Amino acid sequence: MLRYLIKRSLIAVITLLMISITTFWLFFAGSANPAAQMCGAKACDAAKIERINKSLGLKDPIHEQYGRFMSGIFTGREIGEGADAIKCPAPCLGVSFRTSEPVLDIIERGLPVSASIAVGSAVISVLLGVSLGIASALKRGGWLDKFSIGFALTGASLQIFFLGLLLQMVLVYQLKIWDRPRYVPPSEDFLGWLSGMSLPWVTLGVLSAATYARFARAEMLEILSEDFVRTARAKGLTPRAVNIKHALRASLSSIVTIFGLQLGGLLGGAAITETTFDMPGIGKLAVKAVGDDNLPIVMATVLLAAFFVVLFNVIVDAMYAVIDPRVKLS
Amino acid sequence: MRHRVRALAISALAISLAAAGCSKTTNSDNKGEGADSNKKAIVVDKEGKTPVPAPEVEGARKGGQLLILQDGDFEHLSPQQIYVGDAINYGTGLFHRTLTAYKEPVKQGDAIEVVGDLATNAGVTTDGGKTWKFTLRDGIKFEDGSPITAKDVVFGLGLSYGKFGVQGPQYLQAAADPKREYQGPTVDKGKPVPGVKAEGDKTVVITLEKPEQAVPYWLTYPISTPVQESKFNNEKYETEFQSSGPYKIKEYKRDSHLILDRNPNWDPKTDPIRHQYPDTVKFDFSVNRQNQTQRVMASTGEDAAAIAVSDVAQENLATVAADPELEKRVIQGATPYANYINMNYDRIKDVDVRRALVFMYDKSAAIKNAGGNKVAVPSTTLMAPVVPGYKKYDAYPMGESGDVAKAKQLMTGKKVEKLTYCFVNTTNGQKAAAIVKASFERDNVFQVALKPIDRKDYYTTIGKKGNDCDLVGSGWGQDWPDGESTLGVLFDGTLIKDEGNNNYSYFNEPSINAELKKLREMTDREAAAKAYGELDEKIMKEFVPVIPTTYTRHYSLIGTKVGGAFLSPLYSQVNVTRIFVKA
């Protein structure tokens, strides 16, 4: 088990390294021109571009810039030259091209927002989706099953930027029966946090619940037809014990997989959800940084998202062994 | 001045209503936006006659919270780094005072006044513009109570030369230090700031090698906001700046909100422009354009005293325009932004071909594409309507979708090679290109080849002399209210260099160059303004280097309880110097 985890972690680190190289390279290979962006929609005179490029450290070869960026994460670094240099202690993710603020500070502000969205919506989607899926598997062909299939289809075809805007327009601005989506730190105003997060949670939760419902139903149906379930029934166990203890547990592994990947993806920023609901999380930050050619923030958000996805992949793999005794990690 | 880049909007509901603007596009929208020919085009208060304190606003009351809904935080509030229009508007209106300032007209079309702000007047020159002297008012203080001295102004100006001003405007610095050797007071400690010095506590003197009439205008940028050396803490000053205006920071949480409260050390008796009516001003930085519109339309709770920074969202334009109650709360009018299609003067040499192209362009399609006649109106001039001296004329009268017959007539017996239209390869650029191609190829009068250019290289490519673009789209907003900042930048052939040009038509006519030189050097800017208006018409009538396409308009909402709001013609934002919250 330990050896497996160490091996997986090493692979994870290499993956992150590759992602960082690719992102850095893509940024310069693509159509980014940070200095010109800062000049706005006018041809900037070369001298000003030069000055901005110098102040951003963009004049050096790409590999040097990359090296600086990466070593800053581990050892910290000084950004700029001479008396005006900014001290950026490890883990240094650079400073924003636009505002000169340390990227780590910016990320720290966005992370609680993204985490709130991720955890809240994941809980709703799992509870709702898994119960719906199981219930419909147990009552196969019944009205609940039909509803569940319909729900899963609708949920899978709707998009957050459609449903989210629609719900906001109708519930928040027209009927005025739902609180406006906003983020307040739970430590400052817990009820305000709950109420401000509720619409994004419900929207994202319900939409992702559809996936869970589909998987849970399919998996349950398959397991229910297996021999060990029949044996359990034959032994005279109550239907409850058969369904929950035997069948559900066996079908959990696929649900855990989706859950882990979903949570990992969301923690790194739900770009569309955050943009739709105007939540200042990592996702919205990333979208803006891409538009602004703000390389340090692009790097940081991409690496963060990748980190969470990789991390949860490892966790999910490790969880298999716990959930399913047939799985051995090696 | 930089135009704030509109944030990427994900809007599924925008599709159907976007076409709303197609119903009616008339010139009537333009009324009141052009300057009346009998009025002064611009007022420069050299004698310091502007009254202090600023006269009370009728019906204003003290108290309440003004809420400003904005999509994203300001990039910079450290004064010398500010260059984006909304940061200048809110920054100078609320907390950053400057040596000189604009007193913007409440009634659209009235003259903009250049007045002394921290200084007693708009600046005095006795040698034709080489030396400018500014005397500070008595009783001006920072928020901590310490008096503002000439030394603080010079320190602030010094910052604008170095790293802590690199993103701000660079006009004064380029004129005072052409080689740009000085790196600001944090690096070149103790060295004198080029061209800027304090004489005693009260006088700031600017000395340039060549006369520059624009100095009083350049100093309205917050490059001239005073900064105390002892309080300047590099990047941290962005969120910990010392206010010199009526409001100061109470709480600033980046990307979330900024709350301002009254600055007790601001004395209205020293300020010819600003007031201090609301108790607090709160910026909420996490409201995108759609939500700004929705919230201010509803105008309930604290939103009743809210200002939307962005224009009305496109999907709501039709609703707002059709509802008289809502339209009363719209702040709208002309902005400094005018759009053109540049015709390369070296490549399209026949003036009648250029005239024919003017007749071919379909302005109504461009307006529809921009979002309708609330946000764009057809243009006929080079200078935008807010430029002092703007003269409303139409050298080539035609319908809004052009006049193909006239164009054909001009093209009789002429043969023109396929024209290349260069555009930035973005969604908007592609839409604009489609309009250009469809317009010019009507009845096969012209053939157009479209040449997309990567965003990264766009301005480098079209700014390079001798490029192979026949036609290029561009927009322009003046950097200071003077014809020089439009005509003098875009149409002076003597400024053409190998790279980095703004004169995308590469227009170069000796007679116009000479006239521009004469106007640039005129010390009386009020008189110069009218001459720029005439010159604008002359260029379009005789030479036609560009096709004027549209003027961009401002169209934003304020809540039911906001009083004293009016459109800033310079920054295309709600001017907040007279703002109050109704009971």
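Residues numbered from 1 in each chain as written. Chains lettered and ligands numbered in written order. Predicted model: local features only at pLDDT ≥ 70, side-chain atom pairs only at ≥ 80, totals over all residues. Heavy atoms only, no water.

**Some details on the state of the cysteines**
- The final tally for this structure, using the stated rule, is two disulfides over all chains.
- Covalently, Cys88(A) is tied to Cys92(A) through a disulfide, its sulfur atoms 2.1 Å apart. Of note, the bridge from Cys88(A) to Cys92(A) carries an S-S torsion of about 105° and is right-handed in sense. Comparing Cys88(A) with Cys92(A) shows no difference in burial state: the two are buried.
- Each disulfide pairs two cysteine sulfurs, and for Cys422(B) the partner residue is Cys469(B), the sulfurs being separated by 2.0 Å. (Disulfide = S-S within 2.5 Å. Buried < 20%, exposed > 50% of the residue type's maximum accessible area, 1.4 Å probe, protein only.)

**Concerning the side chain of Thr335(B)**
All names here are of chain B.
- Following the sequence through the fold, Thr335 ends up in strand β12 (residues 330-343).
- Judged by its relative accessible area of 1%, Thr335 falls in the buried class.
- Polar side-chain contacts of Thr335 include one of 3.1 Å to the backbone nitrogen of Tyr337.
- Within polar-contact distance, the side chain of Thr335 engages the backbone oxygen of Thr552 at 2.7 Å. (Helix = DSSP H or I, 4+ residues; strand = E, 2+ residues; numbered from the N terminus. Polar contact = N/O pair within 3.5 Å; in protein donor to acceptor, adjacent residues only side chain to side chain.)

**With respect to the side chain of Ser160(B)**
- You can see Ser160(B) is positioned in the loop between α3 (150-159) and α4 (171-176).
- Apart from the residues within four sequence positions on either side, Ser160(B) is in contact with Gln80(B), Gly165(B), Gln170(B), Gln173(B), Arg180(B) and Ile223(B). (Contact = heavy atoms within 4.5 Å.)

**Structural notes on helix α17 (residues 525-542) of chain B**
Residues and elements named next belong to chain B.
- With 18 residues, α17 extends 25 Å from end C-alpha to end C-alpha; this agrees with the ideal 26 Å at 1.5 Å per step.
- Considered for burial, the residues of α17 that qualify are Arg525, Ala528, Ala529, Tyr532, Gly533, Leu535, Asp536, Glu537, Ile539 and Met540.
- A distance of 3.1 Å separates the backbone nitrogen of Glu526 from a side-chain oxygen at the start of α17, and that oxygen is part of Asp524.
- Positioned one or two residues after α17, Val544 has a phi angle of 50°, which is positive. (Expected span 1.5 Å × (residues − 1).)

**Details of empty space enclosed by the protein**
All names here are of chain B.
- Evaluation of the coordinates by the stated rule reveals seven cavities of 30 Å³ or more.
- Reported here for the second largest cavity is a volume of approximately 180 Å³.
- Forming the walls of the second largest cavity are 15 residues, and the residues nearest its centre are Thr92, Gly93, Tyr102, Tyr571 and Thr577.
- Top contributing element to the lining of the second largest cavity by residue count: helix α2 (residues 85-94), with four residues. (1 Å grid on protein atoms, 1.4 Å probe; cavity = no way out; pocket = protein on both sides within 12 Å on 5 of 7 lines; lining within 4 Å. Points joined across faces, edges and corners; volume = space filled by probe spheres on them.)

**Observations concerning the nonpolar core**
Residues and elements named next belong to chain B.
- Core analysis: the biggest nonpolar cluster contains 78 residues, and Tyr90, Leu94, Phe134, Ile206, Leu260, Phe283 and Ile307 have the highest contact counts within it.
- Not counting the four nearest positions on each side in its chain, Leu260 is found in contact with Leu94, Phe95, Tyr247, Lys248, Ile249, Lys250, Asp279, Thr280, Val281 and Phe283.
- Listed in part, the 55 residues of the second largest apolar core include Met343, Val387, Leu471 and Leu487. (Core = buried A, V, L, I, M, F, W, Y, C linked by side-chain atoms within 4.5 Å.)

**Observations regarding the pairing of strand β2 (residues 65-69) of chain B**
Residue and element names in this part refer to chain B.
- Burial runs high along β2: four of the five residues are buried.
- Pairing analysis gives five bridges linking β2 to strand β10 (residues 280-284), with the strands arranged parallel. Each bridged residue has a counterpart across the sheet, and for Ile68 the counterpart in β10 is Phe283.
- Looking at chain direction, β2 and strand β11 (residues 306-308) are connected through three bridges and run parallel. From the neighbouring strand, Leu67 faces β11, where its bridge partner is Ala306. (Pairing = 2+ DSSP bridges.)

**Remarks on the pairing of strand β9 (residues 257-262) of chain B**
Residues and elements named next belong to chain B.
- With five of six residues buried, β9 lies mostly within the body of the structure.
- As paired strands, strand β8 (residues 247-253) and β9 are joined by six bridges and run antiparallel to one another. Within β9, the position partnered with Ile249 by the bridge is Leu260.
- As consecutive antiparallel partners, β8 and β9 are separated by three residues, and within that stretch Asp255 has a phi angle of approximately 70°, a positive value.
- With five bridges connecting them, β9 and β10 associate as antiparallel partners. Its bridge partner lying in β10, His257 is registered against Asp284.

**Digging into the packing of helix α10 (residues 239-267) of chain A against helix α13 (residues 295-323) of chain A**
Residues and elements named next belong to chain A.
- The geometry of α10 relative to α13 is characterised by a closest axis approach of 8 Å and an angle of 165° between their N-to-C directions. Relative to α13, α10 is oriented roughly antiparallel. In the packing of α10 onto α13, the handedness of the crossing is right-handed. Contact residues: Arg249, Leu252, Ser253, Val256, Thr257, Gly260, Leu261, Leu263, Gly264, Gly265 and Leu267 in α10; Phe308, Val309, Phe312, Asn313, Val316, Met319, Tyr320, Val322 and Ile323 in α13.
- The class makeup of the residues in the contact of α10 with α13 is 13 nonpolar, six polar and one charged. (Axes fitted to C-alpha atoms, helices over the stretch in contact; angles between N-to-C directions. Parallel < 35°, antiparallel > 145°, perpendicular 65-115°, else oblique. Left-handed = near helix turned anticlockwise from the far one by under 90°. Nonpolar A, V, L, I, M, F, W, Y, C, P; charged D, E, K, R; others polar.)

**Looking at the interface of chain B and chain A**
- Listed per partner, the contact involves 51 residues of chain B and 48 residues of chain A.
- Taken together, the two surfaces of chain B and chain A that pack against each other cover about 4300 Å², and 51% of this comes from carbon and sulfur.
- Applying the counting criterion to the chain B and chain A interface returns five salt bridges.
- Scanning the region where chain B abuts chain A turns up eight residue pairs in polar contact (both at pLDDT 80 or more).
- Looking at the side of chain B that touches chain A, the elements that each hand over two or more residues are α7 (289-298) and β16 (471-477) of chain B.
- Tallying contributions element by element places α7(B) first for the side of chain B that touches chain A, with four residues.
- The class makeup of the residues in the side of chain B that touches chain A is 15 nonpolar, 18 polar and 18 charged. (Buried area = accessible area lost by both parts, 1.4 Å probe. Salt bridge = Lys/Arg side-chain N within 4 Å of Asp/Glu carboxyl O.)

**Here we look at the packing of helix α8 (residues 190-224) of chain A against α10(A)**
Residue and element names in this part refer to chain A.
- One can describe the packing of α8 onto α10 by two numbers: an axis separation of 9 Å at closest approach and a directional angle of 145°. Crossing angle aside, the handedness with which α8 passes α10 is right-handed. Here Leu204, Ser208, Tyr212, Phe215, Ala216, Glu219, Met220, Ile223 and Leu224 of α8 lie close against α10, whose contacting residues are Asn243, Ala247, Leu248, Ala250, Ser251, Ser254, Ile255, Ile258, Phe259, Gln262 and Leu266.
- Grouping the amino acids of the contact of α8 with α10 by side-chain chemistry returns 14 nonpolar, five polar and one charged.

**Remarks on the confidence of the model for chain A**
- Here chain A averages 86 in pLDDT, while 96% of its residues score no lower than 70.
- Mean pLDDT values for the elements of chain A range from 74 in helix α2 (residues 34-39) of chain A up to 92 in helix α5 (residues 103-138) of chain A. (pLDDT = per-residue confidence, 0-100.)

**With respect to the sheet that holds strand β6 (residues 196-199) of chain B**
Residues and elements named next belong to chain B.
- Ordered by their spatial adjacency, three strands build an open sheet running β5-β7-β6, and the pairing between neighbours is antiparallel. Two strands in the sheet have a free side with no partner beyond their single neighbour: β5 (131-135) and β6. Across the sheet, the axes of successive neighbouring strands diverge by a mean angle of 20°, strand direction being ignored.
- Where β5 lies against strand β7 (residues 203-207), five bridges are found, and the strand directions are antiparallel. Note that in β7 the partner of Thr131 across the bridge is Thr207.
- With respect to the sheet, α3 is in contact with β6 and β7, its orientation differing from that of β6 by roughly 170°.

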